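# Residue-level structure breakdown
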Amino acid sequence: MESSVKKEPGLQTLSAAAIVETGPTYQFTNNTATILLAPQRVTQWLVLSTLFLLVCHVFIVHVADDLLYRVKSWPHYAGYRAFYDALYQQFSLALDGNIPTYFSSLLLAMAALLLYLIYKHEQQMKTHWLLLSFLFLFLSIDESTQLHENFGGLVGNKVNTYIKEPPAFLQWAWMVPYSALTLAVGLYYLKFIWKLPAKTKKLFFLSGFVYVFAALFLEFFESHIQVTYGSGTLANAILYPVEEVLEMLGVVIFIYALLDYIKTHYGHLQIETI
């Protein structure tokens, strides 16, 4: 049976199948904007965008670099090299402050916005939704400004002063306070997540596992390899893009969980405009 979203006065009723097929639909009435969501379509575009960035990284960092080496005797090699270096800076998943970084920051900001909209509509556990929104807003800012490497490193270095010989996997000092923060947030939200609908709960756990595995556990492994064997190893060349892509996919799964939760419970989003 074809289901339909809840109808509001002055709005046309659209079937769920039509929304999935056409993507998000926007309708305006008086001072209210109504967004009919298409979780699957939005998620498809976000996954494709993530994979596109991975393809760009692999092509530019590995394929194009090899091709450029083969033409270094060409008269205009210096110009080609400068153009390649610019592309490398913008698309390398191993660097910060470029297109993949800002895309990842945008994903986190999108999750923060959806969490805030849920907070505005929810009647129960509102504080948890709001705090989670603030957390993802912080993560978005942190991703684009690298706060974790600057201020987190200061805290981590202070902690490491109490350890005579910090193990290799703790050499990136920012991971110490962020690991403690992750554990505290996880314990605080465990009961909250357990009360969510079954599908939402599974997606929250899956997205959290993927994101934390990439952002912390792979970082510990990368730190150990870099300190022990140096930064130019094949392992790190593989781990850097894998880590970044898994972080993005973890957030994409979380965004899908939020969109699906909103669509299931509210049918659409309403945003009041001034």
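Residues numbered from 1 in each chain as written. Predicted model: local features only at pLDDT ≥ 70, side-chain atom pairs only at ≥ 80, totals over all residues. Heavy atoms only, no water.

## Concerning the confidence of the model for the protein
Note the following rule: What pLDDT reports is the predictor's confidence in each residue, on a scale of 0 through 100. Here a helix means four or more residues in a row that DSSP labels H or I, a strand means two or more in a row labelled E, and each is numbered from the N terminus. In this analysis, two residues are considered to be in contact whenever any of their non-hydrogen atoms come within 4.5 Å of each other.
When pLDDT is averaged across the protein, the result is 80; 74% of the residues are at 70 or more. Confidence, expressed as mean pLDDT per element, reaches its minimum in the protein at helix H1 (residues 16–22) with 38 and its maximum at helix H4 (residues 99–121) with 95. Low pLDDT, under 50, characterises residues 1–22; the predicted model gives this stretch 35 contacts beyond four residues in sequence or across chains.

## Things to note about the side chain of Glu 143
Applied cut-off: Burial classes follow relative accessibility: with a 1.4 Å probe on protein chains only, a residue under 20% of its type's maximum area counts as buried, one over 50% as exposed, and anything between as partly exposed. Neither His nor the chain ends contribute to the count of charged residues, in which Lys and Arg are positive and Asp and Glu negative. By convention in these notes, a salt bridge is any Lys or Arg side-chain nitrogen within 4 Å of a carboxyl oxygen on Asp or Glu.
Along the chain, Glu 143 turns up in helix H5 (residues 126–145). No salt bridge is formed by the buried Glu 143; its nearest oppositely charged neighbour, Arg 81, is found at 23 Å. Residue contacts for Glu 143: discarding those within four places in its chain leaves Thr 101, Ser 104, Ser 105, Leu 108, Glu 244 and Glu 247.

## Here's the deal with the side chain of Lys 201
Within the secondary structure layout, Lys 201 lies in helix H8 (residues 198–229). Although buried, Lys 201 forms no salt bridge, and the nearest oppositely charged side chain, Asp 260, lies 14 Å from it. Among all residues touching Lys 201, those that are not within four sequence positions of it are Ile 193, Trp 194 and Leu 196.

## A word on the pattern of salt bridges
Tallied over the full model, the rule gives four salt bridges. One salt bridge in this structure joins Lys 199 and Asp 260, with 3.2 Å as the shortest N-O distance. Here the residue Lys 199 occupies a position in helix H8, and Asp 260 occupies one in helix H9 (residues 234–265), the gap between them amounting to 61 residues. By relative accessible area, Lys 199 is classed as partly exposed at 43%. Here the residues in one salt-bridge network are Asp 65, Arg 81 and Asp 85, joined through shared partners.

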